[in-house]
Amino acid sequence: MKMFILSCVVLLSFPWESNAFVPFLDGGKGMPKLYDGWFNDQIAKQAATAMSKAIAAGNTKIEINFPPVPNVEEVRFGTPLNQQFGTNIVAKNLKVDGGYKPGSDISRQLIAYSNIYWAKKLAGAASGTKSVAVITTEPVRFSTIKSMGGLTRSGMVMSEKARQEARNDECVICINPGGEETWDRLVSAHTTPSSCFVVLNNAYSTSYDLGNKRGYEEAYYLKRISKGWVFRAFPGDWEAYIEKPDGSVELLKSYKTKPSLREVSALVRDESFKRYAINNDRWSKGFGGRL
């Protein structure tokens, strides 16, 4: 009895923290926890594992897409969660000159610097390649970043320098390249036949659907839809999740092949309305605190 009471005291003395260590080398199964996955390496582990498996399976053209910061829609307003991510994760990991401060480059271009952070996290997944490059279309001053990890070179998309530095047996991580009709042209410009090309967090879609229509393997995919999320980690199924009023999620359906955005959105939206009517709005008073 004394031991039981002592155990209860110990548990109460050490409350669970949101950035607790993820107890799996691969980040575990299912979509990452909101919003801890951005802080505790769960997304990094899941995405790196999926990318490594996709490359090992022979894929040389890959897409990885997930929100680069916890609250993408509010990034311009500097929500506390985004500020915490920029300060404690991105700026510290990249060792950005001056850190995250009001008016700094990283505070004004948090998504751009966050994507470099994610590329750095993915660099180790490029097994079988001699080097890993990162190129971007976004406003990043690479001279202010002092820790690039396994990224052996960096540059701007379609710059003469970045094109001339293409190497054999290299993995090129291309951040936010734009419309997918340009992707193959970028592959030709920035890689050699022995290289692989990874599109990371493309923010622009011309298909208005899930993933891409160019044949790039969607190795890791996490997209917010109305009332929920779509998730996929190679080689697993596509999954539709409903987001509940308390911020937790529940798997509604798995798909062996990629569903259409219209199909999965209707499923999640209709189920949300059946359960909660209009009381499942993350912008409503009482629900917005988690943002």
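All values derive from a computational prediction rather than experimental measurement. (Residues numbered from 1 in each chain as written. Predicted model: local features only at pLDDT ≥ 70, side-chain atom pairs only at ≥ 80, totals over all residues. Heavy atoms only, no water.)

Student: Give a detailed account of helix α2 (residues 42-56), specifying residues and quantitative values.
Tutor: Between the first and last C-alpha of α2 there are 21 Å, a value that for 15 residues agrees with the 21 Å anticipated at 1.5 Å per step. Counting buried residues along α2, eleven of its 15 residues qualify, which places the element largely inside the surrounding structure. Listed as buried for α2 are Q42, I43, A44, K45, Q46, A47, A48, A50, M51, A54 and I55. Looking at the packing, one finds that the buried side of α2 touches β1 (61-65), α5 (110-122), β4 (170-175), β5 (196-200), β6 (217-225) and β7 (228-233). Residue G58 follows α2 closely and has a positive phi angle near 100 degrees. (Helix = DSSP H or I, 4+ residues; strand = E, 2+ residues; numbered from the N terminus. Expected span 1.5 Å × (residues − 1). Buried < 20%, exposed > 50% of the residue type's maximum accessible area, 1.4 Å probe, protein only. Contact = heavy atoms within 4.5 Å.)

Student: Please provide a residue-by-residue account of the sheet that holds β7, values included.
Tutor: What the nine strands build is an open sheet, ordered β3-β2-β4-β5-β1-β6-β7-β8-β9; its pairing is mixed. If you trace the sheet from one side to the other, it starts and ends with β3 (153-156) and β9 (249-255), each paired once. The sheet shows a mean angle of 20 degrees between the axes of neighbouring strands, taken without regard to direction. Those strands touched by α2 are β1, β4, β5, β6 and β7, and its axis lies near 145 degrees from that of β6. (Pairing = 2+ DSSP bridges. Axes fitted to C-alpha atoms, helices over the stretch in contact; angles between N-to-C directions.)

Student: Explain the packing of aromatic side chains residue by residue, including any values.
Tutor: The tally for this structure, following the rule as stated, stands at ten aromatic pairs. With a centroid separation of 5.0 Å and an interplanar angle of 90 degrees, the aromatic rings of F66 and W118 are classed as edge-to-face. One end of the pair, F66, is in the loop between β1 and α3 (80-94); the other, W118, is in helix α5, with 52 residues separating them in the sequence. Residue F66 shares its accessibility class with W118, and that shared class is buried. (Phe/Tyr/Trp six-rings, centres within 6.5 Å; stacked < 30°, edge-to-face > 60°.)

Student: Outline the layout of surface pockets, listing residues and values.
Tutor: Considered as a void within the structure, the largest pocket measures approximately 650 Å³ in volume. Along the wall of the largest pocket there are 32 residues; nearest its centre are N65, V72, N202, A203 and K223. Sorting the residues of the lining of the largest pocket by element identifies β1, α5 and β6 as the ones contributing at least two each. No other element matches β6, which puts four residues into the lining of the largest pocket. Across the lining of the largest pocket, the residue classes break down as 16 nonpolar, eight polar and eight charged. (1 Å grid on protein atoms, 1.4 Å probe; cavity = no way out; pocket = protein on both sides within 12 Å on 5 of 7 lines; lining within 4 Å. Points joined across faces, edges and corners; volume = space filled by probe spheres on them. Nonpolar A, V, L, I, M, F, W, Y, C, P; charged D, E, K, R; others polar.)

Student: Would you mind going over the side chain of Q46 in detail, with residue names and values included?
Tutor: For Q46, the position within the fold is in helix α2. At a separation of 3.1 Å, a polar atom in the side chain of Q46 contacts the main-chain carbonyl oxygen of G28. (Polar contact = N/O pair within 3.5 Å; in protein donor to acceptor, adjacent residues only side chain to side chain.)

Student: Can you explain the pattern of salt bridges? Please cite residues and give values.
Tutor: Scanning all chains against the criterion turns up 19 salt bridges. K146 serves as the salt-bridge partner of D97, at 3.6 Å between the closest nitrogen and oxygen. Separated by 49 residues along the polypeptide, D97 in the loop between α3 and α4 (105-108) and K146 in the loop between β2 (131-136) and β3 bring together distant segments of the chain. Overlapping salt bridges, with partners in common, bring together R153, K161, E165 and E170 in one network. (Salt bridge = Lys/Arg side-chain N within 4 Å of Asp/Glu carboxyl O.)

Student: Explain the confidence of the model for the protein chain to me, using residue names and the numbers behind them.
Tutor: In the predicted model, the protein chain carries a mean pLDDT of 89, and the fraction of residues at 70 or more is 89%. Contacts of residues 1-19 to residues separated by more than four positions or lying in other chains number six contacts, the stretch itself having pLDDT below 50. (pLDDT = per-residue confidence, 0-100.)

Student: Lay out the packing of α3 against α5 with the relevant residues and their values.
Tutor: Between α3 and α5, the least distance of the axes is 10 Å, while the angle of their chain directions is 50 degrees. When the axis of α3 is compared with that of α5, the two are oblique. When you trace α3 past α5, the crossing you get is left-handed. Contacts between α3 and α5 pair N82, F85, G86, I89, V90, N93 and L94 from the former with L110, Y113, S114, I116, Y117, W118, K120 and K121 from the latter. Partitioned by chemical class, the residues of the contact of α3 with α5 number nine nonpolar, four polar and two charged. (Parallel < 35°, antiparallel > 145°, perpendicular 65-115°, else oblique. Left-handed = near helix turned anticlockwise from the far one by under 90°.)

Student: If you had to explain the pairing of β5 to someone new, which residues and values would you point to?
Tutor: The buried count for β5 comes to five of five residues, which makes it a mostly enclosed element. Judged by which residues are buried, β5 turns out to be covered on both faces: C196, V198 and L200 on one side and F197 and V199 on the other are all buried. Relative to β5, β4 is paired through five bridges, and the arrangement is parallel. Bridge assignment links C174 to a residue of β5, and that residue is V199. At this point the chain moves from β4, through helix α7 (residues 183-190), to the parallel β5, and the crossover so formed is right-handed. (Right-handed = clockwise from strand over helix to strand, strands pointing away.)

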